[in-house]
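Read off the chains here:
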Amino acid sequence: MTKDMTKGSPMKLILGFSIPLLFGFLFQQFYSLVDTVIVGRFLGTDNLAAVGATGSINFLIIGFCMGVCSGFSIPIAHKFGAGDYADLRRYAANCVWLSIGFAAVLTVLTAALARQILGWMKTPENIIDRSYAYIGVIFLGIPVTFLYNMTSGVIRALGDSRTPVIFLVMSSFLNVGLDLFFIVNLHLGVRGAALATVISQGISGLCCLLFIMKKFEILRIRREEWAPDRDRMRLLCGMGVPMGLQYSVTAIGSVILQSATNTLGSDAVAAVTASGRISGFLACPFDAMGSTMATYGGQNIGAGKLDRISKGLKSCILLGAGYAVIALCVSIFLGRPLAALFLDASETAIIDKVRLVMVVNTAFYFNLALVNIIRFLIQGMGFPSFAILAGVFEMIARGLAGFLLVPMLGFTGVALGSPIAWVLADAFLIPAYFHVRRVLEKRLAA
């Protein structure tokens, strides 16, 4: 059930690992897509805007949870690459204890502060109650977010990128049915869409947990291995917290940009919501490449094979460049039809805004490819603090777009926010990678 990425062709390994991940990310986006389509079609533009207005705060908190879990899996990948299965199990056990603690604290804090944060973000008065109804349920579901991301991260660290996808496919179909049932039959509004997402993710997390318990013999933790260990927890937090903060720091810029977008009215919010869902789908290959490089880098560093990392990086960048061209063509020629999936055909002004954001974003997708590939590779190599610094550059760029470009250029300034963030992040990450290589070369030489 495991895959050793320290041997064989890097291109074949990266493709073989990333393709199942791609399907996984696609189905994660499918959760959001179904929510958005059903909300937009059955509940109208204001409810669509209400869900969209929570996007940046959702990314701020849920992104932190995902980043922490990704960081927790890095020491497990290192130990797997080194063949130290006893220590691997001890790290896995401490992952469980830390995940329980993080989930409990974050659930209480976010549930208590969600309404105030939406107010600080200048969420329009006509949608703020519905935005709170949606995000409140999502935040109460933080424990299942940790469950799925922790268990799927451990499975991927051992080289199995296929199994979590299978469970996501199953839960995605469940999500569709629950969306329709809660919204159309029970008339729960946007709260029903959030409830469907939480339940579906919870089921996929439970499936991953049961799979680990049944199939991975090297993860059958003995009683003495369950003991909390301060040193291992410190190392896990040293990997996980910086990766979580990277998402959150990046999201702070998104919150600023979202707040500026909110001042343009609910039509602008609806356009950003729809374009965000489509762009999220189009960006899935880059997410898959990033997660692949984290595991690839982690296992090869654990095995002491630094030379293979550069070969893998070159292969993955070639894949990213080729896909960036495809995504731009899709946005140019299919932008309006895709926008019409979320909006009534009569909403031509909003549809035009959606296409503008899509074209501007995909024109800079090669920069996004570099951000994901290099950042996650550096994290897998054991340098998560660089992720925070890259996130700071993204935060600054989106913050400047919110404070300067949106007041000057209106909606065009909104469209330029993310591309500028990716360019600035690359300006930091590319030199950072070469610095990390030099540090590791000295360590291995010693």
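Our subject is the structure that appears above.
Cut-offs and rules
- Residues numbered from 1 in each chain as written.
- Predicted model: local features only at pLDDT ≥ 70, side-chain atom pairs only at ≥ 80, totals over all residues.
- Heavy atoms only, no water.
- Helix = DSSP H or I, 4+ residues; strand = E, 2+ residues; numbered from the N terminus.
- Rg over C-alpha atoms; globule rule 2.2 N^0.38 Å.
- Buried < 20%, exposed > 50% of the residue type's maximum accessible area, 1.4 Å probe, protein only.
- Contact = heavy atoms within 4.5 Å.
- Lys, Arg positive; Asp, Glu negative; His and termini not counted.
- Charge placed at Lys NZ, Arg CZ, Asp CG, Glu CD.
- Expected span 1.5 Å × (residues − 1).
- Bend = angle between axes of the 7 residues up to and from the residue.
- Salt bridge = Lys/Arg side-chain N within 4 Å of Asp/Glu carboxyl O.
- Phe/Tyr/Trp six-rings, centres within 6.5 Å; stacked < 30°, edge-to-face > 60°.
- Lys NZ or Arg CZ within 6 Å of the ring centre and 35° of its normal.
- Axes fitted to C-alpha atoms, helices over the stretch in contact; angles between N-to-C directions.
- Parallel < 35°, antiparallel > 145°, perpendicular 65-115°, else oblique.
- Nonpolar A, V, L, I, M, F, W, Y, C, P; charged D, E, K, R; others polar.
- Patch = residues over 30% accessible without salt bridge, like charges linked within 9 Å, V, L, I, M, F, W, Y side chains within 5 Å.
- Areas by Shrake-Rupley, 256 points an atom, 1.4 Å probe, with all protein chains shown as cover.
- Core = buried A, V, L, I, M, F, W, Y, C linked by side-chain atoms within 4.5 Å.
- Disulfide = S-S within 2.5 Å.

## A few points about the overall build of the chain
A tally of helices and strands in the chain yields 16 helices and zero strands. Relative to a compact globule of 446 residues, whose C-alpha radius of gyration would be 22 Å, the chain shows 21 Å and is just as compact. Oriented by its inertia axes, the alpha-carbon framework of the chain measures out at about 65 × 45 × 35 Å. Looking at the chain residue by residue over its 446 residues, the buried ones come to 58%. Considering only contacts in the chain between residues 6 or more positions apart, those separated by 24 or more positions represent 84%. Taking the 35 positively charged and 23 negatively charged side chains of the chain as two groups, their mean positions are separated by 7 Å.

## Quick look at helix α16 (residues 411-445)
What sets the pattern is the α-helix's 3.6 residues per turn: residues three or four places apart point alike. Across its 35 residues, α16 extends 53 Å between first and last C-alpha, which sits within 8% of the 51 Å expected from 1.5 Å per residue. Residue G417 marks the point of greatest curvature in α16, where the axis turns by about 30°; the proline P419 follows within four residues.

## With respect to helix α4 (residues 85-120)
Along its length, α4 shows its largest kink, about 50°, at A114. Once α4 ends, the next one or two residues include K122, with phi positive near 60°.

## A word on the pattern of salt bridges
Tallied over the entire structure, the rule returns eleven salt bridges. Residue D129 is joined to R115 by a salt bridge in which the shortest nitrogen-to-oxygen separation is 2.7 Å. On the criterion of sequence distance, the pair formed by D129 in helix α5 (residues 128-140) and R115 in helix α4 is long-range, its members being 14 residues apart. Among the residues examined, R115 registers a relative accessible area of 35% and is labelled partly exposed. Measuring nitrogen to oxygen at the nearest pair gives 2.9 Å for the salt bridge that ties D231 to R234. One end of the pair, D231, and the other, R234, are both in helix α9 (residues 230-262), three residues apart, so they sit about a helical turn from each other. The exposure class of D231 is exposed, given its relative accessible area of 52%.

## Description of the packing of aromatic side chains
As enumerated under the stated definition, the model contains 15 aromatic pairs in all. Considering the side-chain rings of F286 and Y365, the 5.3 Å spacing of their centres and the 85° angle between planes classify their relative orientation as edge-to-face. Remark: Y365 occurs in helix α14 (residues 365-380) and F286 occurs in helix α11 (residues 284-302); sequence separation between them is 79 residues. Each member of the pair, F286 together with Y365, is buried. Seen from the ring of F411, K353 lies directly overhead, with NZ or CZ sitting 5.9 Å from the centre.

## A few points about the packing of α11 against helix α12 (residues 307-339)
The N-to-C vectors of α11 and α12 enclose an angle of 175°; their axes lie 11 Å apart at closest approach. By the criterion of interaxial angle, the relationship of α11 to α12 is roughly antiparallel. Residue-level inspection shows P285, F286, M289, M293, Y296, G297, N300 and I301 of α11 in contact with α12, the latter providing R308, I309, G312, L313, C316, L319, G320, Y323 and A324. Residues of the contact of α11 with α12, tallied by class, amount to twelve nonpolar, four polar and one charged.

## Quick notes on a nonpolar patch on the surface
Residues F181, L186, L188, L195, I199 and I203 make up a contiguous nonpolar surface patch of roughly 440 Å² in combined accessible area. In terms of residue count, helix α8 (residues 190-215) provides more of the nonpolar patch than any other element does, three residues in total. Inspection of the secondary structure assignment puts L188 in the loop between α7 (163-185) and α8. The class for L188 is partly exposed, based on a relative accessible area of 34%.

## What to know about unusual backbone geometry
The phi dihedral of H187 is positive, around 55°, even though this residue is not glycine. Assignment of secondary structure puts H187 in the loop between α7 and α8. Judged by relative accessible area, H187 falls into the exposed class, the value being 64%.

## Things to note about the packing of α12 against helix α13 (residues 348-362)
Closest axis-to-axis distance for the α12/α13 pair is 9 Å, and the angle between their directions is 180°. By the angle between their directions, the pair α12 and α13 is classed as roughly antiparallel. For the pair α12 and α13, contact is made by A324, A327, L328, S331, I332, G335, R336, L338 and A339 and by I351, D352, V354, R355, M358, V359 and T362, respectively. Looking at the contact of α12 with α13 residue by residue, the classes come out as ten nonpolar, three polar and three charged.

## Quick look at the nonpolar core
Ranked by size, the top nonpolar core spans 131 residues in total, and within it I76, F146, F286, V354, Y365, I378 and M381 carry the most contacts. In contact with I76, other than residues within four places in its own chain, are L88, Y91, A92, C95, V154, A157 and L158.

## Focus: the state of the cysteines
Throughout the structure, instances matching the rule amount to zero disulfides. In this structure C208 is not part of a disulfide, and its nearest cysteine sulfur, from C207, lies 7.2 Å away.

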